[in-house]
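# What the coordinates show
For reference, the chains in residue letters:
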Amino acid sequence: MEKKKVLIVGASAKEYALAEKFIENGCEVIVAPGNCRIKDIAECADIREENVQELLEFVLENAVDLTVASSEIAIRNDIAELFQSNSQLIFAPSAKSAEMTLSRSAGKKFLYRLRIPTPRFSVYDKLQMAADYLKHAPMPQVIRTDKAANGADRLVCTTFPTAKTFTEDLFARGEEKVVFEDYVYGHEFTVYVVTDGYSAVHLATVANYKFAQDGDGGILTAGTGAFTPDYKVSKEIEDAVMKHVINNTLQALEKKETPYLGILGVDCVLKDDGRFVTLDFKSFLSDHDAKAVLNLVDENLYTLFEACSVGSFADDYESIKISDNASVSLVLSARTEGNTIEGLDLAETDITPFAIVKNDYLEFETVAGRNLVLTKTAKTLSRARSAVYEDAELIKFDGKKYRNDICEQVEKF
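Quick caveat, the model's predicted, so the values are computed rather than measured.

### With respect to unusual backbone geometry
As a rule of thumb, non-glycine residues mostly have phi less than zero, and peptide bonds are mostly trans rather than cis. A cis amide bond links A32 with the next residue in sequence, P33, at an omega value of -5 degrees. Residue placement: P33 occurs in strand β2 (residues 28-33). Look at the link from T228 to P229: it is a cis peptide, with omega at 0 degrees. Structurally, the position occupied by P229 is in the loop between β12 (217-228) and α9 (235-255). Backbone geometry at S87 places phi at a positive 60 degrees, although glycine is not the residue there. You can see S87 is positioned in the loop between α4 (79-85) and β5 (90-91). Relative accessible area serves as the criterion here: at 67%, S87 is assigned to the exposed category.

### Notes on the sheet that holds β5
Pairing is parallel in the open sheet, where 5 strands are placed in the order β3-β2-β1-β4-β5. Each end of this open sheet is capped by a strand with a single partner; those strands are β3 (43-44) and β5. Pairing geometry for strand β1 (residues 5-10) and strand β4 (residues 66-69), over 4 bridges, is parallel. Residue pairing across strands places I8 opposite V68, the latter belonging to β4. Contacts from helix α1 (residues 13-24) reach β1, β2 and β4 within the one sheet, and its direction differs from that of β1 by about 170 degrees. Along the sheet, helix α2 (residues 52-62) contacts β1, β2 and β4; its crossing angle with β1, the most-contacted strand, is approximately 165 degrees.

### Some thoughts on the packing of α1 against helix α11 (residues 301-310)
Following both chains from N to C, one finds α1 and α11 inclined at 105 degrees, their axes separated by 8 Å at the closest point. By the angle class used here, α1 and α11 are roughly perpendicular. Residue-level contacts link L18, K21 and F22 of α1 to L301, Y302 and F305 of α11. For the contact of α1 with α11, a count of residues per class yields 5 nonpolar, no polar and 1 charged.

### Section: the side chain of T195
Relative to the assigned elements, T195 resides in strand β10 (residues 187-195). Within the local environment of T195, its side chain forms a polar contact with the backbone oxygen of S199, the two atoms lying 2.8 Å apart. Contacts of T195, omitting those with residues within four sequence positions, involve A200, L250, Y260, L261, G262, C308 and F313.

### Examining α1
Taking 1.5 Å of rise per residue, 12 residues should cover 16 Å, and α1 covers 17 Å from first to last C-alpha, within 8% of that figure. Counting buried positions along α1 gives 9 out of 12 residues, so the element sits mostly inside the fold.

### Points about the packing of helix α7 (residues 127-136) against helix α8 (residues 160-172)
Relative to each other, α7 and α8 sit at 165 degrees, their axes nearing to 10 Å. Between α7 and α8, the angle falls in the class roughly antiparallel. For the pair α7 and α8, the sense of crossing is right-handed. Across from L127, A130, A131, L134 and K135 in α7, the residues of α8 making contact are F160, A163, K164, T167, E168 and F171. A class-by-class count of the residues in the contact of α7 with α8 yields 7 nonpolar, 1 polar and 3 charged.

How each quantity is defined
Residues numbered from 1 in each chain as written. Predicted model: local features only at pLDDT ≥ 70, side-chain atom pairs only at ≥ 80, totals over all residues. Heavy atoms only, no water. Helix = DSSP H or I, 4+ residues; strand = E, 2+ residues; numbered from the N terminus. Buried < 20%, exposed > 50% of the residue type's maximum accessible area, 1.4 Å probe, protein only. Pairing = 2+ DSSP bridges. Contact = heavy atoms within 4.5 Å. Axes fitted to C-alpha atoms, helices over the stretch in contact; angles between N-to-C directions. Parallel < 35°, antiparallel > 145°, perpendicular 65-115°, else oblique. Nonpolar A, V, L, I, M, F, W, Y, C, P; charged D, E, K, R; others polar. Polar contact = N/O pair within 3.5 Å; in protein donor to acceptor, adjacent residues only side chain to side chain. Expected span 1.5 Å × (residues − 1). Left-handed = near helix turned anticlockwise from the far one by under 90°.

These figures come from the coordinates and say nothing about function on their own.
Quick look at the structure:
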């Protein structure tokens with residue numbers, strides 16, 4: 001039987017994890033544009049994510065069976081609409097349906113209109129109005145740009161001077177909108193679903209770690225670690241998220257005639273009183289948890305995504321087969337770029353790369369920021385956690401940093 005040909009659009013850790021899963025499922029995989037580590041496992045096409053017309057031409061010329069656009073850049077450039085209008089199968093939401101995932105202000109306003117509990121927020125496009133708001137805003141205050149900007153776009157501020165200075169910096173670099181949100185204390189988690197825009201099936205519930213330092217200290221990042229399943233989130237909470245957030249969201253988008261097709265994530269905080277609030281939407285799995293989730297999926301990914309793309313999802317899938325294992329992921333970051341990474345061949349965990357580079361000696365070198373995601377899947381969270389941290393010690397490079405408390409609480413249970 002001829003292998004199905006899949007094009008994955010993106011160049012980061014989640015695309016590497018996707019490529020591995022599709023290869024495991026027996027597919028021929030091409031990644032555009034990919035990176036130097038992805039080239040080790042799959043063919044890469046030198047086409048930028050925003051060049052959706054060129055990607056369409058590539059698909060037509062190379063008889064690609066299914067395209068998966070996990071890149072926000074490609075989604076924002078409406079790759080889904082272009083491909084669908086040219087009768088090409090694609091697993092990705094349209095730009096209109098994904099607006100609440102691509103724009104933080106749009107996402108917050110969407111939650112507010114649907115009366116889904118979310119922390120108090122404000123959106124400003126002028127510095128003076130933003131500064132006036134901060135004078136009376138409760139602290140801590142989460143301050144973020146309207147669109148993601150590689151981790152330099154967010155800060156949790158505990159004082160007015162810090163908040164004002166960060167806001168001034170954002171406007172000074174040309175940001176059009178800045179989003180303010182009251183910080184909510186509690187346990188952060190993400191519920192992921194697969195949807196064709198009309199029905200949704202639960203994929204995973206993931207405990208998320210966003211702060212750079214242990215105990216949720218330091219800079220707020222795009223992600224420093226994760227574990228799944230999240231034992232802190234009860235079935236009742238999961239069902240409530242599915243009913244009141246996911247289903248209401250899909251129904252609202254369907255009424256607007258912009259059904260959302262793809263993986264949809266909902267970031268939430270479980271408060272001490274047992275209730276949850278919703279923070280954000282995600283247009284796909286996050287880089288730091290993609291491998292952890294995909295390792296537990298016992299379905300053929302091609303068949304699952306194809307069903308959404310051709311309209312048979314509701315008939316074919318009442319649930320998604322998930323193994324009874326557990327996954328823990330840990331992000332290794334570097335303070336500076338250009339440092340040689342050693343010990344990759346010694347690690348037994350799954351290693352998912354960000355945009356690390358190869359030098360002239362074919363050695364991998366660091367970039368400043370997030371470099372690698374280590375993921376271990378095992379029968380228990382405690383076993384997975386132990387293996388991840390053992391390998392974190394084996395991998396060496398100057399300026400290495402990572403959290404030491406990912407899934408730490410599980411040792412107490």
